[in-house]
Amino acid sequence: ITLMEVFSSASTGDGMPKESSPFINTDNDKGNLYDGKNMALFEEEMDSNPMVSSLLNKLANYTNLTQGVKEHEEMESKTKIQKITFPALGTLIGVYLPCLQNILGVILFLRLTWIVGTAGIMESLAIVVMTCSCTMLTAISMSAIATNGVVPAGGSYYMISRSLGPEFGGAVGLCFYLGTTFAGSMYILGTIEILLTYIVPSAAIFKAEKKEDEAEALLNNMRVYGTCCLTLMSLVVFVGVKYVNKLALVFLACLCFVCFICLLGNRTLQNHNFDQCLKTMEVGNVTVTTKLWSLFCDSPDLNATCNEYFTLNNVTVIQGIPGLTSGVIRDNIWGDYGPNGMLVENKHQASEPAADTSQDIYMPYVANDITTFFTLLVGIYFPSVTGIMAGSNRSGDLRDAQKSIPIGTIMAIATTTFIYISSVILFGACIEGVVLRDKFGDSVKGNLVIGILAWPSPWVIVIGSFFSCCGAGLQSLTGAPRLLQAIARDGIVPFLQVFGHGKANGEPTWALLLTGGICEIGILIASLDAVAPILSMFFLMCYLFVNLACALQTLLRTPNWRPRFKFYHWALSFLGASLCLSLMFISSWYYALVAMLIAGCIYKYIEYRGAEKEWGDGINGLSLNAARYALIRLEEAPPHTKNWRPQMLLLLNLDSDHAVKHPRLLSFCTQLKAGKGLTIVGSVLEGTYMTKEAEVKKAEQNIKSSMTTERTKGFCHVVASSNLRDGFSHLIQTAGLGGMKHNTVLMAWPGTWKQWRAFTVRETTAAHQALLVAKNVDSFPTNADRLGQGTIDVWWVVHDGGLLMLLPFLLRQHKVWRKCKMRIFTVANMDDNSIQMKKDLQMFLYHLRLDAEVEVVEMHDSDISAFTYEKTLVMEQRSQMLKQMQLSRTEREREIQSITDSSRSSIRRNNQTGAAGSESGPSRELEDTQEDEVAQLIHDRNTASHAALNDKADAGPDRVHMTWTKDKFLTERNRNRAEASMGVRDIFNMKPNQSNVRRMHTAVKLNEVVVNKSQGAHLVLLNMPGPPKNRGGDENYMEFLEVLLEGLNRVLLVRGGGREVITIYS
């Protein structure tokens, strides 16, 4: 957490509750933040910026309470002052032993000998080295993250989510939760397997009457006993009993323990139902058959019919553990894989094959219960190297977490790696291959194979592994619900909110129920070998993202990335991530795809529904770096014509409540863009930013809300300006960054002429940007509408870059306009060849790859009608009246100037008085207020003058600034009034300008043609005529446009940016 967060969470008056930071023990002790007047210069900032002495006092009381069992079982009231406790666990007890206990688990006891026998020493070493390298590299990355600041209890979920953001954090957190839950299933299945196979085989409920039914009976027993065990363990966790599992380390000694194996030919026999490895034996000079004979023959008589292979081959007794000097290591160097049901054979023993092998599956041979191959063994073995997070999960209990976590974790991994490598070599060098491949110890009278090495008795290993699996299962069932509760309380996955609740003391009851349900799925699978690859996937996914988080932070060089653990490198982290990904697909490619799909779905869900957290994650930094790199690479020069697409600046009008006045304009922009390219939504508020800051923020929030509703993807920018004209001008000039700038301005048709003049057209033309003006925008379709059969009509009067052709094509990509057809009309004069024009236009559209109907409209010369003449006259009369009103506005500005001058002299007198007299509080406040008012008045006056100068650039000498005396002011005002009254009388005697009459005639005639052809069209696109060169005729220009568009419903006026935007070339 940052220093400012430490202090702000402790202070009052900043709008943040004290409980906002659970790590600071604070009291309402604002008190005196400074003494005397030594720091009076900074007294204005004391509320927001603390004195260093005060800040250090807060940091001295910092405590990091464990977010685990302790806080759930110790409920304290909010008003009670928490007692500061100092965790006292060191590296050995706090990190090393918990990691060792978690890593050395069920796979070591139940499957390692079988893996060595099946894969051979060399491939087993490859599996151990790959998996241990993966966890070692992950531990290095984890150490760097864990020592980069204080890590509250929460382990890998906390580290990943705060490094990679809520989306990755939630996805990987849930994967880690699922991995921990399935680990609970695996440990429970291991417990039941030890119980039913090695401790009390007679307790089995389902007993197989035939050998071929043994596998199914074992699975059913596992399901029943596993469910009972899960229920019992869940009950233990629910009632909150502190079950402490402390088992001493079991030391293995390779002793030449007397252990014999019975072979028939080269096949290994299950040594359950016979006590002597003989076919017949001499009893009192009489040859009698043994129990072994009865297993292969139909009667105990010597003349009984026996199995063919039994008849052809003799039984042999070999030593199961011949020892290091026996040379058995040569036989165990390479693997012996095979399909399900393949008999476990000793290749060096003589054997006579039988012609009929169909009865072999019913004979008491040791056989493979699953099909074995290298990648399967990788997935089964990997859970034996997990558990490296045990130290970081207990970081809240450590005396010095930043020192203990790296040393303890890496030492634990080094120790267990040494144990695994030495075990692989010693198992392969000491134990006969057929015993190693005997998964359940059937050839050694149902004993645990690793148990026959134990001293003083095999029961040391059997009982030790039983309780170890029980304890590990309980730890999983305790840790997984708390992990789920932490994710739920973070609020990043909305549908998990219910699992954040629990009992009165905080125990995660609902999370425990879900954990038990998922755990039951693993138990119903019932096979340890099938469950192990599932949890391998989820743990590998978690380790993958730990490595990615470290590599990302290192490469981005974030300012906050300052780990105390220095022995890390981004290349090691990338190597670890690559190894994790490789192991996922090596173990099981389809499980890997499912795990990645689950993580991807969770990621997209959090991105869509949640992810409102801002944790300063690395993905944000990565996005910034990628954006900066792309912007620098993106040339500021205009793109090639083939790559041109409208990059929008959308100018919005807001109502009095600062809500969007025309939300359909956002819908139209979405339909035109389809989420591609740049969209900037801008608006202007009149006033200064200092006085309008709150309104600007409110307007931005309203616009963003409307953009979300209308599904417009883009950026929002609201500016405060002294007048709308300057504000829109600034937006047109400055919106965008580098090469990511807009090239098209989209706006709605103004409601009144006072709101909008031709300056926007001039500004966009000067900036070489296209302009789109939508008339009757409130009647445009929403994103939910689907327009039926209809047309989009394009009236191509003048060519200005081909934008008129491109826009209908882009619109028809959206589902709203998809069914509309495109029609192109062009206007021919009397001296044009209409037929040839139509052919040329059709060929042009063919080369442009556009499908459209073409029609050439001929406009005949006709006399100017009386209606046109009269409409022009009324227009000019109105313009003249507006000019008279403008004169009166000039008069008002001069009055403001005189008030400003008198205010300045008043201020000057007050300043002189203040300097001579004493410094009194009230007079000083009055003076400050008056200065602010006058400064604002001067600012408004200058801005108004600037706007007026722009409006009247060709004004006469009366616009020259001069010093006004009172006499001059009265004379000028009387003269202006006289001129105004003369002008009003002249309005009704004026004659219309011939140029305006011709323009009005064009507007009227073109409007008649457009209305006649396109009145029923869904949308009409029309060239926007340019504004007059003389800026005094802007009102007339607006009148021409009104006449041109009269009688049309949906119209989009289009003015190109002065460059080609569509091409016939590929």
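Note that the structure is predicted; figures quoted are calculated from it, not measured.

**Section: helix α26 (residues 834–847)**
Alright, step 1. Its 14 residues give α26 an end-to-end C-alpha distance of 20 Å, which sits within 8% of 20 Å, the value for a rise of 1.5 Å per residue.
Alright, step 2. Of all the positions in α26, only Ser-834, Leu-841 and Leu-845 are classed as buried. Along α26, the residues classed as buried sweep out an arc of 35° about the axis, all on the same side. For α26, exposure combined with an orientation more than 90 degrees from the buried face picks out Ile-835, Lys-839 and Tyr-846.

**Notes on the pattern of salt bridges**
Alright, step 1. This model, assessed by the stated rule, comprises 14 salt bridges.
Alright, step 2. The closest approach of N and O atoms between Arg-437 and Asp-336, which form a salt bridge, is 3.4 Å. Remark: Asp-336 occurs in the loop between β5 (315–319) and α11 (374–381) and Arg-437 occurs in the loop between α14 (433–436) and α15 (459–490); sequence separation between them is 101 residues.
Alright, step 3. Since its relative accessible area comes to 12%, Arg-437 is described here as buried.
Alright, step 4. Residue classification places Asp-336 among the buried residues on the basis of a relative accessible area of 17%.
Alright, step 5. With a shortest N-O distance of 3.6 Å, Lys-1005 and Glu-1008 are connected by a salt bridge. Taken together, the positions of Lys-1005 and Glu-1008, both in helix α30 (residues 994–1014) and three residues apart, correspond to about one turn of that helix.
Alright, step 6. Overall, Lys-1005 belongs to the partly exposed group, its relative accessible area being 25%.
Alright, step 7. Look at Glu-1008 and you get partly exposed, because its relative accessible area is 44%.

**Topic: the environment of Ala-204**
Alright, step 1. Position of Ala-204 among the secondary structure elements: in the loop between α7 (155–199) and α8 (214–239).
Alright, step 2. According to the relative accessible area criterion, Ala-204 is buried, its value standing at 16%.
Alright, step 3. For the pair Ala-204 and Met-222, spaced 18 residues apart in sequence, the C-alpha separation works out to 9.1 Å.
Alright, step 4. Setting aside chain neighbours within four positions, we find Ala-204 in contact with Leu-196 and Asn-221.

**Structural notes on the side chain of Asn-723**
Alright, step 1. Inspection of the secondary structure assignment puts Asn-723 in the loop between β8 (715–721) and α23 (724–734).
Alright, step 2. By relative accessible area, Asn-723 is classed as buried at 13%.
Alright, step 3. Polar side-chain contacts of Asn-723 include one of 2.8 Å to the backbone nitrogen of Asp-726.

**Section: a negative patch on the surface**
Alright, step 1. Residues Glu-209, Glu-212, Asp-213, Glu-214 and Glu-216 make up a contiguous surface patch of negative charge.
Alright, step 2. As for its position among the elements, Glu-216 is in helix α8.
Alright, step 3. For Glu-216, a relative accessible area of 45% puts it in the partly exposed group.

**Brief notes about the packing of aromatic side chains**
Alright, step 1. If you walk through the whole model with that rule in mind, you get 19 aromatic pairs.
Alright, step 2. Aromatic pair Phe-182 and Phe-538: ring centres 6.3 Å apart, planes at 15°, arrangement stacked. Here the residue Phe-182 occupies a position in helix α7, and Phe-538 occupies one in helix α17 (residues 528–556), the gap between them amounting to 356 residues.
Alright, step 3. Phe-182 gets classed as buried once you look at its relative accessible area, which sits at 9%.
Alright, step 4. By relative accessible area, which is 6% here, Phe-538 ends up buried.
Alright, step 5. Consider the rings of Tyr-381 and Tyr-420, whose centres lie 5.6 Å apart with planes at 75°: the pair is edge-to-face. One end of the pair, Tyr-381, is in helix α11; the other, Tyr-420, is in helix α13 (residues 401–430), with 39 residues separating them in the sequence. Grouping residues by exposure puts Tyr-381 and Tyr-420 together as buried.
Alright, step 6. Taken together, Trp-293, Phe-296, Tyr-309, Phe-310 and Tyr-365 form an aromatic cluster joined through their ring pairs.
Alright, step 7. Of note, Arg-267 hangs over the ring of Tyr-309, and the distance from its end group to the ring centre comes to 3.7 Å.
Alright, step 8. The ring of Phe-310 has Lys-279 sitting right over it, with the charged end atom 4.5 Å from the ring centre.

**Regarding the state of the cysteines**
Alright, step 1. Under the criterion given, the structure shown has two disulfides.
Alright, step 2. Bridging Cys-297 to Cys-306, the disulfide has an S-S length of 1.7 Å. Given an S-S torsion of about 105°, the disulfide between Cys-297 and Cys-306 has right-handed geometry.
Alright, step 3. Within the protein, bonded cysteines paired by disulfides and numbered along the sequence follow the pattern 1-2, 3-4.

**Considerations on the pairing of strand β7 (residues 679–686)**
Both faces of the sheet carry side chains from a regular strand, because those side chains alternate between them.
Alright, step 1. Burial analysis of β7 places seven of its eight residues in the buried class, the great majority of the element.
Alright, step 2. With seven bridges joining them, β7 and β8 adopt parallel strand pairing. Across the sheet, residue Val-684 finds its bridge partner in β8, namely Val-719.
Alright, step 3. With helix α22 (residues 689–709) bridging β7 and the parallel β8, this β-α-β connection has right-handed handedness.

**A short note on the sheet that holds strand β2 (residues 267–268)**
Alright, step 1. With antiparallel pairing, the three strands of this open sheet are ordered in space as β2-β1-β5. Single-partner strands in this sheet number two, and they are β2 and β5.
Alright, step 2. Where strand β1 (residues 260–264) meets β5, five bridges bridge the pair, whose relative direction is antiparallel. Pairing of Ile-261 across the sheet is with Ile-318, part of β5.

**Some details on empty space enclosed by the protein**
Alright, step 1. The final tally for this structure, using the stated rule, is five cavities of 30 Å³ or more.
Alright, step 2. Looking at the largest cavity, its volume works out to about 50 Å³.
Alright, step 3. Contributions of two or more residues to the lining of the largest cavity are made by α8, α15 and α16 (509–525).
Alright, step 4. Its residues placed into classes, the lining of the largest cavity shows six nonpolar, two polar and two charged.

**With respect to a positive patch on the surface**
Alright, step 1. A contiguous patch of positive charge on the surface is contributed by Arg-711, Arg-786, Lys-815 and Arg-818.
Alright, step 2. Note on placement: Lys-815 falls in the loop between α25 (803–811) and β12 (820–828).

**Quick look at the environment of Tyr-689**
Alright, step 1. As for its placement among the helices and strands, Tyr-689 is situated in helix α22.
Alright, step 2. Residue classification places Tyr-689 among the partly exposed residues on the basis of a relative accessible area of 46%.
Alright, step 3. For Tyr-689 and Ser-721, which are 32 residues apart along the polypeptide, the C-alpha to C-alpha distance reads 7.3 Å.
Alright, step 4. Every residue in contact with Tyr-689, bar those within four places of it in the chain, is listed here: Val-696, Lys-697 and Ala-720.

The rules behind the values
Every chain begins its residue count from 1, and numbering advances along the sequence as written. Local features in this predicted model are restricted to residues of pLDDT 70 or higher, and side-chain atom pairs are both shown and tallied only at a pLDDT of 80 or more, whereas totals for entire chains, interfaces and linings draw on every residue. Hydrogens and waters are ignored; side-chain quantities use all the structure's heavy atoms. Helix and strand labels come from DSSP, where a helix needs a run of H or I of at least four residues and a strand needs a run of E of at least two; each type is numbered from the N terminus. Working rule for helices: expected span equals 1.5 Å times residues minus one. To sort residues, take the accessible area from a 1.4 Å probe on protein chains only and compare it with the maximum for the residue type: under 20% means buried, over 50% means exposed, and anything in between is partly exposed. In this description, one arc is meant: the one made by directions from the helix axis to the C-beta atoms. Within this document, salt bridges are pairs made up of a side-chain nitrogen of Lys or Arg and a carboxyl oxygen of Asp or Glu, the two lying within 4 Å of each other. Here, residues are in contact when the closest pair of their heavy atoms is within 4.5 Å. Contacts described as polar in this section are N or O atom pairs within 3.5 Å, which, within protein, must combine one atom able to donate a hydrogen with one able to accept it, while residues neighboring in sequence count only if both atoms come from side chains. A residue counts toward a patch only above 30% relative accessible area and without a salt bridge, and it is joined to like-charged neighbours within 9 Å or, for Val, Leu, Ile, Met, Phe, Trp and Tyr, to nonpolar neighbours within 5 Å. Reported accessibility uses the Shrake-Rupley method at a 1.4 Å probe radius. Residues are deemed covered only where the shown protein chains occlude them. Charge convention: Lys and Arg are scored as positive, Asp and Glu as negative, and His as well as the terminal groups of each chain are ignored. Working definition for charges: the position is that of NZ of Lys, CZ of Arg, CG of Asp or CD of Glu. Any two rings among Phe, Tyr and Trp, with Trp reduced to its six-membered ring, count as a pair given centres within 6.5 Å; such a pair is stacked if its planes are under 30 degrees apart, edge-to-face if over 60, and tilted if neither. Distance and angle both matter: a charge sits over a ring if NZ of Lys or CZ of Arg is within 6 Å of the ring centre and within 35 degrees of the ring normal. Throughout, disulfides are identified as pairs of cysteine sulfur atoms within 2.5 Å of each other. Only when DSSP finds a minimum of two bridges between them are two strands counted as paired. Look down the strands so they point away from you; if going from the first strand over the helix to the second traces a clockwise path, that crossover is right-handed. Think of a 1 Å grid over the protein atoms and nothing else: a 1.4 Å probe that fits but is trapped marks a cavity, an open set flanked by protein within 12 Å on at least five of seven lines marks a pocket, and residues with an atom within 4 Å of a point count as lining. Grid points are joined across faces, edges and corners, and a volume is the space filled by probe spheres set on the points. Each residue receives one of three labels: charged for Asp, Glu, Lys and Arg, nonpolar for Ala, Val, Leu, Ile, Met, Phe, Trp, Tyr, Cys and Pro, and polar for the others, Gly being one of them.

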